[in-house]
Amino acid sequence: LGNFPRGTSLLAVFKNTMFAAGEELNEVRYSAPLFPEVFPKDHRIQVGDDDGGPITGLKTTKNALVVFKQKGIYLIKGDPVNGFYAQTLNKDVGCIAPDSIAEVPGLGLAFLSNNSVYLLEGALENTGTPTGVVNIGAEIPNQLEKVSWAAAIHASAAVYLKDKEYWLSVPINGGDGSQ
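Residues numbered from 1 in each chain as written. Predicted model: local features only at pLDDT ≥ 70, side-chain atom pairs only at ≥ 80, totals over all residues. Heavy atoms only, no water.

A. Up close: the packing of aromatic side chains. Taken as a whole, this structure holds 9 aromatic pairs when the rule is applied. Judged by centre distance (5.1 Å) and plane angle (80 degrees), the ring pair of Phe4 and Phe39 falls under edge-to-face. Here Phe4, found in the segment before β1 (10-14), pairs with Phe39, found in the loop between β3 (27-30) and β4 (44-46); they are 35 residues apart in sequence, far enough to count as distant. Judged by its relative accessible area of 41%, Phe4 falls in the partly exposed class. For Phe39, a relative accessible area of 0% puts it in the buried group. Seen from their ring centres, Phe68 and Phe111 are 4.9 Å apart, and the 55 degrees between their planes marks the pair as tilted. (Phe/Tyr/Trp six-rings, centres within 6.5 Å; stacked < 30°, edge-to-face > 60°. Helix = DSSP H or I, 4+ residues; strand = E, 2+ residues; numbered from the N terminus. Buried < 20%, exposed > 50% of the residue type's maximum accessible area, 1.4 Å probe, protein only.)

B. Fine view of the sheet that holds strand β8 (residues 83-90). Strand order in the open sheet formed by 4 strands is β5-β6-β7-β8, and the pairing between neighbours is antiparallel. Only two strands of the sheet have a single neighbouring strand rather than two, namely β5 (55-60) and β8. Direction aside, the axes of adjacent strands within the sheet are offset by 25 degrees on average. As paired strands, strand β7 (residues 72-79) and β8 are joined by 7 bridges and run antiparallel to one another. Its bridge partner being in β8, Tyr74 is matched across the sheet by Thr88. (Pairing = 2+ DSSP bridges. Axes fitted to C-alpha atoms, helices over the stretch in contact; angles between N-to-C directions.)

C. View of the layout of surface pockets. Quantified by volume, the largest pocket comes out at close to 310 Å³. Lining the largest pocket we find 17 residues, and of these Val117, Gly137, Ile140, Tyr166 and Leu168 sit closest to its centre. Of the residues contributing to the lining of the largest pocket, the split by class is 13 nonpolar, 2 polar and 2 charged. (1 Å grid on protein atoms, 1.4 Å probe; cavity = no way out; pocket = protein on both sides within 12 Å on 5 of 7 lines; lining within 4 Å. Points joined across faces, edges and corners; volume = space filled by probe spheres on them. Nonpolar A, V, L, I, M, F, W, Y, C, P; charged D, E, K, R; others polar.)

D. Representation of the pairing of β7 in the model. Most of β7 sits out of view: 7 of its 8 residues are buried. As defined by bridge partners, strand β6 (residues 65-69) adjoins β7 across 5 bridges and the pair is classed as antiparallel. Bridge pairing links Val67 to Tyr74 in β7. The turn linking β6 back onto β7 is made up of 2 residues. Counting the residues in the hairpin turn of β7 and β8 gives 3 residues.

E. Representation of the environment of Gly57. Along the chain, the position of Gly57 falls in strand β5. In contact with Gly57, other than residues within four places in its own chain, are Leu10, Val66, Val67, Phe68, Pro98 and Ile101. (Contact = heavy atoms within 4.5 Å.)

F. Layout of the pattern of salt bridges. Counted under the stated rule, the structure contains 2 salt bridges. Between Glu27 and Arg44 there is a salt bridge whose closest N-O contact spans 2.8 Å. Taken together, the residues Glu27 in strand β3 and Arg44 in strand β4 connect sequence positions 17 residues apart. On the basis of relative accessible area, Glu27 is assigned to the buried category, the value being 13%. Residue Arg44 is classed as partly exposed on the basis of its relative accessible area, which comes to 41%. (Salt bridge = Lys/Arg side-chain N within 4 Å of Asp/Glu carboxyl O.)

By themselves, these are just geometric observations and shouldn't be taken as functional.
Now the structure itself:
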């Protein structure tokens, strides 16, 4: 039925199905439902194009699996019975650090992009709530100037649930991220 995808560096579970990405620039593979170790050869989804760079993150939300590329955000929707498909949400802003992606309750997904911190807000579904990408890093410009962007892939985040705060740790002042 298919081997586990080699070169996998990103995993997510959505609708009782395992999703894997990493080796192929624009491809997400998915397992048979309820069998996370079985990846049929035809269970592949093309996400975006080469212009967006490689897939840099996968994050499951209530209504979709969000796929981040260096430049671009895509939603995987559907179900195991009728199949899954990718929907383009944005081709301008993406994520550069997979561990920087965190869900802030009531607000959306926060993440580090190549020049700022962004929030993917909305229901990610046709519910009347608009889905959009908001630059929340504009509030902290003096801090962002210190970020070592070459090592930013090492950034990581946490959410302080009590106050619904997004905490981001990034290498600064020329740090290489090895500390």
